[in-house]
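Here's the letter readout for the chains.
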Amino acid sequence: MRTLTLQAPAKVNYRLDVLRRRPDGYHDLRMIMQRFDLCDDIRITLSDTPGIRVTCGREGVPDGPGNIAWRAADELLFLAGREVGVDIAITKRIPVAAGLGGGSSDCATVLMGLNQLLGLGLSDARLMEIGVKLGADVPFFIFKKTALAEGIGEQLTAIEQIPRVWLAIVNPNVHVSTAWVYQNLQLTNRSDDFKMPRFYSSIADICAILGNDLEAVTIRRYPVISEIKGRLQALGAAGVLMSGSGPTVFGIFEQEDAARQAVVELAQGTGWFAAAARTI
Ligand code: ATP
């Protein structure tokens, strides 16, 4: 087999606690991460012409070595030790620099896809080790389950049997730099006594844990996030939150119809990106 086409899903954070700053500049986090079915398409083709070529064609996403998918391919070709070329075509559907993990998911998908195409036989654990050097959220997308993520995001514990819900995803079309958000975060002397449940049996259990320490930082710069939250609530969302470092907001719905209706309302006349999606 020379070509593989795979889907790279997005994620939201049902919860994101920043626990402390680490000496290496990263932060220790505690997150609940959930994938959903808004996906980039990744087509990977082996070629006899050596080199890595990435095409994406989306403004704000580099085509060459600046693309995190390129770096993933570079790592695996180095391990393979073979003179082979790789062409990667990315069809981007996940909003960029949006707190939805699109780049990390593309990266994870290239690691998994090339492992298969090159017949390297690397375990998921090994791919996660390679992935965390490329991006803190990459291991989560190799893990492929809803997870409690600790450390910088790489220590993953599966959350089994969490209810599937509908999401209305709304992005006001501004790009937010994750680095900027962390630079502007004031860490207070917080007590970490919030107990993260392991079991979730209803949509109410999910809504009970919603929280994001980065939200206030990004809202200060982009107050439109508050407006989106308010409108999603008014349209019947059971819970609303900004994902990751933002600016994307998600509303949680039990019923598909209600999520789709909210998306139609919020896209109308605003220029915002809005999509309904199901958690996976
Ligand atoms: P994170 O929270 O990990 O920063 P995000 O969802 O907020 O993720 P991404 O969409 O992953 O943000 O993009 C972050 C930056 O990475 C963008 O500025 C973009 O130029 C760069 N980038 C490199 N490769 C990709 C890719 N394949 N898809 C999206 N962005 C990419």
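As shown above, the structure is provided for reference.
Note that residues are indexed from 1 along each chain, following the sequence as it is written. For this predicted model, a pLDDT threshold of at least 70 governs which residues receive local features, and a threshold of 80 or more governs which side-chain atom pairs are given and counted, while totals over whole chains, interfaces and linings are taken from all residues. Only hydrogens and water are removed before side-chain values are computed, so all heavy atoms of the structure are retained for them.

Quick look at the overall build of the chain
Then, number 1: Scanning the chain from terminus to terminus reveals 9 helices and 11 strands.
Then, number 2: Based on C-alpha atoms, the radius of gyration is set beside the globule rule, defined as 2.2 Å times the residue count to the power 0.38. Taken against the 2.2 N^0.38 rule, which gives 19 Å for 280 residues, the C-alpha radius of gyration of the chain at 19 Å falls within 12% of a compact globule.
Then, number 3: Taken along the three principal axes of its C-alpha coordinates, the chain extends 55 × 45 × 35 Å.
Then, number 4: Type-normalised accessible area, obtained with a 1.4 Å probe on protein chains alone, sets the label of each residue: buried when under 20%, exposed when over 50%, and partly exposed for intermediate values. Of all 280 residues assigned to the chain, the portion counted as buried reaches 54%.
Then, number 5: Throughout, a contact is declared for two residues whenever any of their heavy atoms are within 4.5 Å. Taking all contacts inside the chain whose residues are at least 6 apart in sequence as the whole, residues at least 24 apart take part in 75%. Under the scheme used here, helices are H or I runs from DSSP no shorter than 4 residues and strands are E runs no shorter than 2 residues, and both carry numbers assigned from the N terminus.

Some remarks on the site of the ligand
Then, number 1: Taken together, 19 residues lie around the ligand, and Gly60, Gly99, Gly101, Gly103 and Thr178 are the ones closest in.
Then, number 2: Separating a nitrogen atom of the ligand from a side-chain N or O atom of Asn67 is a distance of 3.0 Å.
Then, number 3: The side chain of Lys92 places a nitrogen or oxygen atom 2.9 Å from a nitrogen atom of the ligand.
Then, number 4: Take the shell around the ligand: its biggest share by element is 4 residues, from helix H2 (residues 102-117).
Then, number 5: In the scheme used here, Gly and all other residues not listed as nonpolar or charged are polar, with Ala, Val, Leu, Ile, Met, Phe, Trp, Tyr, Cys and Pro taken as nonpolar and Asp, Glu, Lys and Arg as charged. Taken together, the residues that form the shell around the ligand break down as 8 nonpolar, 9 polar and 2 charged. What makes a residue near a molecule or strand is one non-hydrogen atom of that residue sitting within 4 Å of it. Pairs of N or O atoms within 3.5 Å make up the polar contacts considered here, provided that, within protein, one atom can donate a hydrogen while the other can accept it, and that residues adjacent in sequence are counted only when both atoms are side-chain atoms.

As for the pattern of salt bridges
Then, number 1: Here a salt bridge means any side-chain nitrogen of Lys or Arg lying within 4 Å of a carboxyl oxygen belonging to Asp or Glu. Applying the stated criterion to the full structure yields 15 salt bridges.
Then, number 2: Two residues, Lys229 and Glu215, come together in a salt bridge whose shortest N-O distance is 3.0 Å. Of this pair, Lys229 sits in helix H8 (residues 224-234) while Glu215 sits in helix H7 (residues 215-221), and the two are 14 residues apart along the sequence.
Then, number 3: A single salt-bridge network, built from bridges that share partners, covers Arg20, Arg22, Asp24 and Asp28.

A look at the side chain of Ser243
Then, number 1: With respect to the helices and strands, Ser243 occurs in the loop between strand E9 (239-242) and strand E10 (249-253).
Then, number 2: Once residues within four sequence positions are removed from consideration, Ser243 is found in contact with Lys11, Val12, Asn13, Ala98, Gly99, Leu100, Asn212, Thr248 and Phe250.

Things to note about the pairing of E9
Then, number 1: Burial of E9 is two-sided: the residues Gly239 and Leu241 facing one way and the residues Val240 and Met242 facing the other way are all buried.
Then, number 2: With 4 bridges joining them, E9 and E10 adopt antiparallel strand pairing. Counterpart to Leu241 in the pairing with E10 is Phe250. For two strands to count as paired, DSSP must find a minimum of two bridges between them.

Concerning the nonpolar core
Then, number 1: For this analysis, a nonpolar core means a set of buried residues of the types Ala, Val, Leu, Ile, Met, Phe, Trp, Tyr and Cys, connected via side-chain atoms within 4.5 Å. Ile88, Leu111, Leu114 and Leu232 are the most contacted members of the largest nonpolar core, which has 71 residues in total.
Then, number 2: Per element, the largest residue contribution to this core is 8 residues, and it comes from helix H1 (residues 68-80).
Then, number 3: Annotation comment: domain bounds sourced from an automatic or database domain assignment. When residues are assigned to domains, this core turns out to be shared by domain 1 (3-158) and domain 2 (166-278), each giving three or more.
Then, number 4: For Ile88, the residues in contact, after removing those within four places along its chain, are Ile42, Arg43, Ile44, Arg53, Val54, Thr55, Ala69, Ala73 and Val110.
Then, number 5: Membership of the second largest hydrophobic core comes to 26 residues, among which are Phe36, Ile203, Ile206 and Leu241.

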